[in-house]
Amino acid sequence: SLMGLIPNIHELHKMHILTWNCRGLCLVESAARQRMVNHLCSFAGRHSIISLQETHGEPGEIEAFISSTLPGWKTFASGTRDREDRFSPGAGRVATLIAPSLWDQVIHSEVQILIPGRCVAVSLAIDSFNINILNVHNFEFSNRQVSGIGRHISSWRLATLDSPESNLSFVL
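Predicted, not measured: the structure shown is a model, and the values here were computed from it.

Participant: How should the overall build of the chain be read in this particular structure?
Facilitator: Regarding its fold elements, the chain presents 5 helices and 8 strands. Compactness check: the chain gives a C-alpha radius of gyration of 16 Å against a globular reference of 16 Å for 172 residues, within 12% of the reference. For the chain, with 172 residues in total, the buried portion stands at 44%. Contacts spanning at least 24 positions in sequence make up 63% of the contacts within the chain whose residues lie at least 6 apart.

Okay, here's the thing in structure tokens:
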């Protein structure tokens, strides 16, 4: 049992994770958006971590949307950039959402945008325990980008091999 290895995380066995390609949550028309909001609220009632892909929208839009829809949830998001390095609201965007019950235990967090709008790594420290979440929307990655993601996953793997009682990682 993980509970014997991880004494500082009393609720770990209750942690549920969801990944959802929401296909334009911030851009869909109002009736479709309300259906998606209903789904998201239902998911939030049963999950500690929600990994969203293809939220679309302007910078800050998904953060504001989650703040009003799911009060207390922490949002780590990244938008897609076009070839001229401008934000592209009609494409991509990923967001990793952390439930208040988990976020309240976090003493330190770190976010790394590996590929803007496509791949974000979130690390949460709870006491002496680390939870790592890699949110990936695999769309038109170059070999170099895939290699970079692989290196990041390998670093988490090595940390887990070195201290399995203090590290837990997810690729979503």
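Having put the structure on the table, let's press on.
Participant: Help me understand helix α3 (residues 61-69) in this model?
Facilitator: A turn of α-helix holds 3.6 residues, and therefore any two residues three or four places apart point the same way. Among all positions in α3, only Ile62, Phe65, Ile66 and Thr69 are buried. Down the axis of α3, the smallest arc covering the buried residues is 95 degrees, so these residues share one side. Residues of α3 that are buried in the fold lie against α2 (30-44), β3 (74-78) and β4 (94-98).

Participant: Where do I start with the layout of surface pockets in this structure?
Facilitator: One simple way to see leftover space: roll a probe sized like a water molecule over the atoms. When its volume is computed, the largest pocket comes out at roughly 450 Å³. Around the largest pocket sit 17 residues that line it, and Ile115, Pro116, Arg118, Glu140 and Gln145 are the ones nearest its centre. Of all the secondary-structure elements, those providing two or more residues to the lining of the largest pocket are β5 (108-115) and α5 (143-162). Ranked by the residues each element gives to the lining of the largest pocket, the list is headed by α5, at 4 residues. Of the residues belonging to the lining of the largest pocket, the class tally is 6 nonpolar, 4 polar and 7 charged.

Participant: Help me understand the sheet that holds strand β1 (residues 17-21) in this model?
Facilitator: Adjacent strands of a sheet pair through backbone hydrogen bonds, lying either parallel or antiparallel. The 4 strands are arranged β1-β2-β4-β3 in an open sheet whose pairing can be described as mixed. Among the strands making up the open sheet, the edge pair consists of β1 and β3. Each adjacent strand pair in this sheet contributes to an overall mean axis angle of 15 degrees, direction not counted. Two strands pair when backbone bridges link them, and β1 and strand β2 (residues 49-53) are joined in this way by 5 bridges, in the parallel orientation. Within the sheet, the bridge partner assigned to Trp20 lies in β2 and is Leu52. Packed onto the sheet, α3 meets β3 and β4 and runs at close to 160 degrees relative to β3.

Participant: Sorry, what's going on with unusual backbone geometry here?
Facilitator: Positive phi outside glycine occurs at Glu54, with the angle close to 55 degrees. If you trace the backbone, Glu54 turns up in the loop between β2 and α3. Residue classification places Glu54 among the buried residues on the basis of a relative accessible area of 19%. The phi torsion at His56 lies on the positive side, around 60 degrees, for a residue other than glycine. Topologically, His56 is positioned in the loop between β2 and α3. Since its relative accessible area comes to 9%, His56 is described here as buried.

Participant: What should I look at first to understand the nonpolar core in this one?
Facilitator: The nonpolar side chains of a soluble globular protein tend to be buried, and buried together. Core analysis: the largest hydrophobic core is formed by 21 residues, its most contacted members being Leu40, Ile50, Leu52 and Leu97. Residue assignment for this core shows that the elements contributing at least two residues are β1, α2, β2, α3 and β4. The greatest single-element share of this core, amounting to 5 residues, is contributed by α2. In this structure Leu52 touches Trp20, Cys22, Leu25, Leu40, Arg93, Val94, Ala95, Leu97 and Asn135, once residues within four positions along its chain are discounted. Core analysis: the next-biggest nonpolar cluster, separate from the first, contains 15 residues, Val94, Ile98, Val120 and Ile133 among them.

Participant: Explain the pairing of strand β8 (residues 167-171) to me, please; I cannot follow it from the model alone.
Facilitator: Both faces of the sheet carry side chains from a regular strand, because those side chains alternate between them. Inspection of the sheet shows strand β7 (residues 129-136) paired to β8 by 5 bridges, in the parallel sense. Note that in β8 the partner of Leu134 across the bridge is Val171.

Conventions and cut-offs
Residues numbered from 1 in each chain as written. Predicted model: local features only at pLDDT ≥ 70, side-chain atom pairs only at ≥ 80, totals over all residues. Heavy atoms only, no water. Helix = DSSP H or I, 4+ residues; strand = E, 2+ residues; numbered from the N terminus. Rg over C-alpha atoms; globule rule 2.2 N^0.38 Å. Buried < 20%, exposed > 50% of the residue type's maximum accessible area, 1.4 Å probe, protein only. Contact = heavy atoms within 4.5 Å. Arc of directions from axis to C-beta. 1 Å grid on protein atoms, 1.4 Å probe; cavity = no way out; pocket = protein on both sides within 12 Å on 5 of 7 lines; lining within 4 Å. Points joined across faces, edges and corners; volume = space filled by probe spheres on them. Nonpolar A, V, L, I, M, F, W, Y, C, P; charged D, E, K, R; others polar. Pairing = 2+ DSSP bridges. Axes fitted to C-alpha atoms, helices over the stretch in contact; angles between N-to-C directions. Core = buried A, V, L, I, M, F, W, Y, C linked by side-chain atoms within 4.5 Å.

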